[in-house]
Amino acid sequence: MNPIVEFCISNLAKGGQTVFDALDKDPDIDCLEYGCLTYCGQCNDGLYALVNGDFVEGGSPDELLANIYKHIEETWIF
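Definitions and cut-offs
- Residues numbered from 1 in each chain as written.
- Predicted model: local features only at pLDDT ≥ 70, side-chain atom pairs only at ≥ 80, totals over all residues.
- Heavy atoms only, no water.
- Disulfide = S-S within 2.5 Å.
- Buried < 20%, exposed > 50% of the residue type's maximum accessible area, 1.4 Å probe, protein only.
- Helix = DSSP H or I, 4+ residues; strand = E, 2+ residues; numbered from the N terminus.
- Pairing = 2+ DSSP bridges.
- Phe/Tyr/Trp six-rings, centres within 6.5 Å; stacked < 30°, edge-to-face > 60°.

Named according to an unreviewed UniProt entry, the protein chain is DUF1450 domain-containing protein originating from Macrococcus carouselicus.

Set out below in structure tokens:
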């Protein structure tokens, strides 16, 4: 079982697409995109993803990617 990282399509358009693409190439992570994840306020403010249901954000695509990997490293039990 792999960690699941979920993205809002609106947030992908704001710069998250590069993060999605990088994670999608990682065979140890499952990436999903949705029309909306109902985090509209956070979506307007910056980049984010849900990592196994937990909200993870970053000020730039590189920071978001690093924060996602850090979150997985700190919380993944499998």
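Let's pick the thread back up.
Caption draft 1: Examining the state of the cysteines more closely. Throughout the structure, instances matching the rule amount to 0 disulfides. Free of any disulfide, C31 has its nearest cysteine sulfur in C8, 15 Å distant. Taking the relative accessible area as the measure of exposure, C31 reaches 14% and is therefore buried.

Caption draft 2: How the structure looks around the pairing of strand β3 (residues 47-51). Buried residues dominate β3, accounting for 5 of its 5 residues. Pairing analysis gives 2 bridges linking strand β1 (residues 4-8) to β3, with the strands arranged antiparallel. For V5, the partnering residue across the bridge sits in β3 and is V51. Looking at chain direction, β3 and strand β4 (residues 54-58) are connected through 5 bridges and run antiparallel. Bridge pairing in β4 places L50 opposite F55. Taken together, β3 and the strand that follows it, β4, pair antiparallel across an intervening segment of 2 residues, in which N52 is found at a positive phi of about 50°.

Caption draft 3: The packing of aromatic side chains, seen in detail. The tally for this structure, following the rule as stated, stands at 4 aromatic pairs. With a centroid separation of 5.7 Å and 45° between ring planes, the pair formed by Y39 and Y48 is classed as tilted. Geometrically, the ring pair formed by Y39 and F55 is stacked, given 5.4 Å between the ring centres and 25° between the ring planes. On the criterion of sequence distance, the pair formed by Y39 in the loop between β2 (30-34) and α2 (40-45) and F55 in strand β4 is long-range, its members being 16 residues apart. Classification of F55 as partly exposed rests on a relative accessible area of 28%.

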